[in-house]
Structures are given as C-alpha cells and as structure tokens.
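# Structural characterization, general
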Amino acid sequence: MAHPSHADTGAAASDGGFGVYVHWPFCLAKCPYCDFNSHVRREAPDQGRFLAAYRREIAHMRALTGPKRADTVFFGGGTPSLMAPRTVAGILEAINEAWPLAPDAEITLEANPTSVEAARFHGYRAAGVNRVSLGVQALNDAELKNLGRMHTVDEALAAVAIARSAFERVSFDLIYARPRQTPEAWARELRRALEEGCEHLSLYQLTIEPGTPFERLYGAGRLILPDDDLSRALWDVTQEVTTAAGLPAYEISNHARPGAEARHNLVYWRYGTYAGIGPGAHGRIEVQGERRATYVERLPDAWLEAVERQGHGIVTDEPLSRPEQADEMLLMGLRLKEGVDLERYARRAGRPLADPPIAALAEAGLVTRAGPRLMVTAEGFPVLNAVIAALADD
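Reading guide: rules and limits
- Residues numbered from 1 in each chain as written.
- Predicted model: local features only at pLDDT ≥ 70, side-chain atom pairs only at ≥ 80, totals over all residues.
- Heavy atoms only, no water.
- Helix = DSSP H or I, 4+ residues; strand = E, 2+ residues; numbered from the N terminus.
- Buried < 20%, exposed > 50% of the residue type's maximum accessible area, 1.4 Å probe, protein only.
- Contact = heavy atoms within 4.5 Å.
- Areas by Shrake-Rupley, 256 points an atom, 1.4 Å probe, with all protein chains shown as cover.
- Salt bridge = Lys/Arg side-chain N within 4 Å of Asp/Glu carboxyl O.
- Pairing = 2+ DSSP bridges.
- Polar contact = N/O pair within 3.5 Å; in protein donor to acceptor, adjacent residues only side chain to side chain.
- Expected span 1.5 Å × (residues − 1).
- Arc of directions from axis to C-beta.
- Phe/Tyr/Trp six-rings, centres within 6.5 Å; stacked < 30°, edge-to-face > 60°.
- pLDDT = per-residue confidence, 0-100.
- Axes fitted to C-alpha atoms, helices over the stretch in contact; angles between N-to-C directions.
- Parallel < 35°, antiparallel > 145°, perpendicular 65-115°, else oblique.
- Nonpolar A, V, L, I, M, F, W, Y, C, P; charged D, E, K, R; others polar.
- Core = buried A, V, L, I, M, F, W, Y, C linked by side-chain atoms within 4.5 Å.

## As for the overall build of the protein chain
When helices and strands are counted, the protein chain shows 16 helices and 17 strands. When burial is assessed residue by residue, the protein chain has 56% of its 394 residues classed as buried. Across the protein chain, every contact between residues at least 6 apart in sequence was considered, and the portion connecting residues at least 24 apart equals 71%. In the form shown here, the protein chain has an accessible surface area of approximately 17,000 Å², with 52% of it arising from carbon and sulfur atoms.

Here's what the structure looks like:
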C-alpha cells in the first residue's frame, strides 16, 4: 500500500484531502496534564445508544458536505480503545456509507497501553482499523506515575508488541521536557523507544494547559519545568537521535520513516477538509463551496440528547472569511517540514503573502523558499510561534 511522503507536493497534497475525525469522550482516569474533552464515568456508557447517535450525526454531516471520498478516519479521545470492536465496526460502516472509504484509506485508533485494552487490538483490526497510535508517554515507571498514567513500562512495551502483531502501522507518543529531565536521560529513553521499530513517533514537549491539575501545581511552584536553554537542548537531542535512527521530523512534533507519516494529521496540516463527529469534535467542511468551521456539543450526555432530538450535536457552524482561512493555513502548514504553497495560500487569502516579513525572516535564517513553497528552517522551528506571528501580522 503506497503512502504519500511529506515531500509530496503533487496532487495528493493539492487540496489537503478529506478525513473524518470521531471523538470518543470517555477515559478510565483524567491525566493531570490533559485539557482534552475527556470524561470519567463510574458506569460504562451505553455503547449501543452512542453508536446509534454517531450514525445519525454522520448522516447529518454527509447531508452538509455532499458526496466525498474519505481518505482517512481517526478515532481520538478520550480513550477510543475503551470502545468495543463492534462499536468501531459500526461507526466505520456508517462512514463508508456516507463517504466511501478510499481503497487505501488510513484508519487510525488511539489506544492506551493497558493489558485489557491491548487484548482488543485484533478485534479492532478485524473491524477495519489499520493503524494504531499508543499513548505511551514515558518509558520510566516513576515518570508514568507522575504523569497520571495507569500503565507500567512493561505493560506499554507489551502493548506495542501486540499492536505490531495486529497492525502494519504503529505509532506511539512520548512526552519530554518533564520536570528534572536531562538531555542525557531523554536521549536514553528516546533510543529505547526507537528500538521498538515503530514507523512513527509523536514527541511532545510538556506544556501547562489552562484548567489542569498541572497548571495549579505549576502556579504553586510545585512543578518546575525546564528553562528555555534546557528546553532547547532537549529539542536538539530529539532531532539528532530521531534523524540518526531514520525517523526525521516531518512536522514540529512528529517523526516518521519516509512514507509513514500520519496521513490523517496531514489533512489538518495541509488545510484539507474534515468532518468532526462526536462530543466536542471540531470540523472544517466545505458546504456549497464555502469553508465552514463546525464545533459539536462537548458534554457527552448533552450531545447524545441533542443528536437523538435533532439528528446532530452541532453548536457552532460558521463561515470562515478569507483572512481567517489564510491565518489557519499558515498556522497549520508551517508546522510541516514541507511548508506552505504560497500560490495556494494566495488563492485562499485572495492576496499573496507580503514579501517584507518573508525577507526579514529569511535573512534571520528562520525561513527559506523553494519555488512556490515557504518552509521554516531547523533554526526556525524552536521559535515557530514567533515566525507565524511575524507573517500573520503583515
């Protein structure tokens, strides 16, 4: 099965593609760093009732988008690996009825690496999932406990092994720039992760998100994060170790063997369109040629009642102006090593990106041009937010 590489700038990347994001909002526990729309329940949700609601919302979104082919599907959360395989199969059946799946469609499911959930992997494969993304987060038991994770290193590595036996495509996440973490310790942990032989790694620096327990600890001085110099050293180690292992960064936090990039996330970063299904899901869809931003009710029970009452849980459905689209395209596309096609940007924005900020950033060594493409350099990525701000302010 062929997959587009991050260097592909042809037809596969010309419009960004179309994907479907499905949000499963339930978790066994809430991690202290997490600000995602996730909810812990004493009693398991009624999956039959939720499946019926997902089917209805998919049908409603199909009525808005019109006929399309789905290139990718992503089950995110929450913890989608708490779903029964038959629930996943039912949702995929509804998606295929609404937007026929491409023959080589990438279908990803996020999973937590506990032994109970890992045992379901073969069921997900039979349901149609062909890629799994594991929330490993650390390869140190003390650090896993500090991060609020419910698995051990041994359980995580066992889950990776089971995943690799069930799926041809496996990715996992790690969080770095953790309290008291040194570049040497991170390099050892990262090399251990690379020994697992997975095709894709998502490597995120720990950030303090509003409203989380970590924010309260940080504000009280009980959580000390690396300073700017140490964060930069950890970033540099990340790039050196992954590149040496054949998994260079194709996006600011994502690393893959050539051809193994996360195609669903490329839909976001290349500013494609995607339908957001389920509690709290965002979407960017084209309705009669107009790009619209959708947002779905985030509380699971309120979403369920809305869908059962009116066929969908959409609470926001707004057209995006050309300047808004242009800003979003920059924000997403400059995260990629391949950068942004300035001709496509000009068509979307209704005007070209101004030359003076590009020239100033290029002179500073933060961006570079290659034909119609504008790309952030290796020196620019650690200060990406400032680069984007300079361009968007023109």
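After that view, the rundown keeps rolling.
## Regarding the pattern of salt bridges
Per the counting criterion, the structure on display carries 20 salt bridges. Close ionic contact of Asp-317 with Arg-292 constitutes a salt bridge, the shortest N to O distance being 2.6 Å. Residue Asp-317 is located in strand 14 (residues 314-319), and its partner Arg-292 is located in strand 13 (residues 290-296); the two are separated by 25 residues in the primary sequence. Overall, the relative accessible area of 32% leaves Asp-317 in the partly exposed class. Taken together, the shared-partner salt bridges in this structure form one network comprising Glu-106, Arg-169 and Glu-199.

## Quick word on the pairing of strand 16 (residues 367-370)
As judged from the 4 bridges shared by strand 16 and strand 17 (residues 373-376), these two strands associate in the antiparallel manner. Note on strand 17: the bridge partner recorded for Arg-369 is Leu-374. Counting the residues in the hairpin turn of strand 16 and strand 17 gives 2 residues, including Gly-371, whose phi is positive at 65°.

## Looking at the environment of Arg-348
As for its position among the elements, Arg-348 is in helix 14 (residues 342-349). Separated by 25 residues in sequence, Arg-348 and Pro-323 place their C-alpha atoms 8.4 Å apart. Here Arg-348 is in contact with Tyr-271, Glu-286, Arg-291, Arg-322, Gln-325, Ala-326 and Met-329, once residues within four sequence places are set aside. Only 2.8 Å separates the side chain of Arg-348 from the side chain of Gln-325, close enough to count as a polar contact.

## Regarding helix 2 (residues 47-65)
With 19 residues, helix 2 extends 26 Å from end C-alpha to end C-alpha; this agrees with the ideal 27 Å at 1.5 Å per step. Among the residues of helix 2, Gln-47, Phe-50, Leu-51, Ala-53, Tyr-54, Glu-57, Ile-58, Met-61 and Thr-65 are the ones counted as buried. End-on, the buried residues of helix 2 take up no more than an arc of 160°, which puts them together on one face. If you check the start of helix 2, you find a side-chain oxygen 3.1 Å away from the backbone N of Gly-48, and it comes from Asp-46. Phi turns positive one or two residues past the end of helix 2, at Gly-66, with a value near 75°.

## Overview of the packing of aromatic side chains
Aromatic ring pairs: the centre-centre distance and the angle between the two ring planes describe each pair. Counted according to the given criterion, the structure contains 12 aromatic pairs. An angle of 85° between the planes, with centres 5.4 Å apart, marks the rings of Phe-26 and Phe-50 as edge-to-face. Here Phe-50 lies in helix 2 and Phe-26 lies in strand 2 (residues 26-27), a separation of 24 residues in the sequence. On the accessibility criterion, Phe-26 (3% relative accessible area) is buried. Judged by relative accessible area, which is 3%, Phe-50 ranks as buried. Members of the aromatic cluster, joined through ring pairs, are Trp-24, Phe-26, Phe-50, Tyr-54 and Trp-303.

## Brief notes about the confidence of the model for the protein chain
For the protein chain, the average pLDDT comes to 88, and 88% of its residues sit at 70 or higher. Low pLDDT (under 50) marks residues 1-13, which in the prediction has 26 contacts with non-local residues, meaning those over four places away or in another chain.

## Remarks on unusual backbone geometry
Omega for the bond connecting Gly-77 with Gly-78 falls within 30 degrees of zero, at 20°, which places this linkage in the cis form. Tracing the backbone through its elements, the reader meets Gly-78 in the loop between strand 4 (70-77) and helix 3 (85-98). Despite not being glycine, Gln-137 has its phi angle at roughly 75°, a positive value. Positionally, Gln-137 belongs in strand 6 (residues 131-137). Non-glycine residue Ala-177 carries a positive phi angle of around 60°. Structurally, Ala-177 can be placed in the loop between strand 7 (169-176) and helix 8 (183-194).

## Here's the deal with the packing of helix 13 (residues 322-333) against helix 14
Running from N to C, helix 13 and helix 14 point in directions that differ by 155°, and their axes come no closer than 8 Å. Between helix 13 and helix 14, the crossing angle belongs to the class labelled roughly antiparallel. Across the interface between the two elements, Arg-322, Gln-325, Ala-326, Met-329 and Leu-330 from helix 13 touch Arg-344, Tyr-345, Arg-347, Arg-348 and Ala-349 from helix 14. The class makeup of the residues in the contact of helix 13 with helix 14 is 5 nonpolar, 1 polar and 4 charged.

## Focus on the side chain of Ser-202
Structurally, Ser-202 can be placed in strand 8 (residues 200-205). A relative accessible area of 5% means that Ser-202 is categorised as buried. Polar side-chain contacts of Ser-202 include one of 2.6 Å to the side chain of Asn-254.

## Describing the nonpolar core
Proteins that are soluble and globular tend to have nonpolar side chains buried together. Ranked by internal contacts, the top residues of the largest apolar core, which has 96 residues, are Phe-75 and Trp-99. It is helix 7 (residues 153-166) that contributes the most residues to this core, 7 residues altogether. Those residues in contact with Phe-75, other than ones at most four positions away along the chain, are Val-22, Pro-80, Met-83, Val-88, Ile-91, Leu-92, Ile-107, Thr-108, Leu-109 and Glu-110. Among the nonpolar cores identified, the runner-up in size contains 13 residues, and Tyr-21, Ala-256, Ala-262 and Tyr-274 belong to it.

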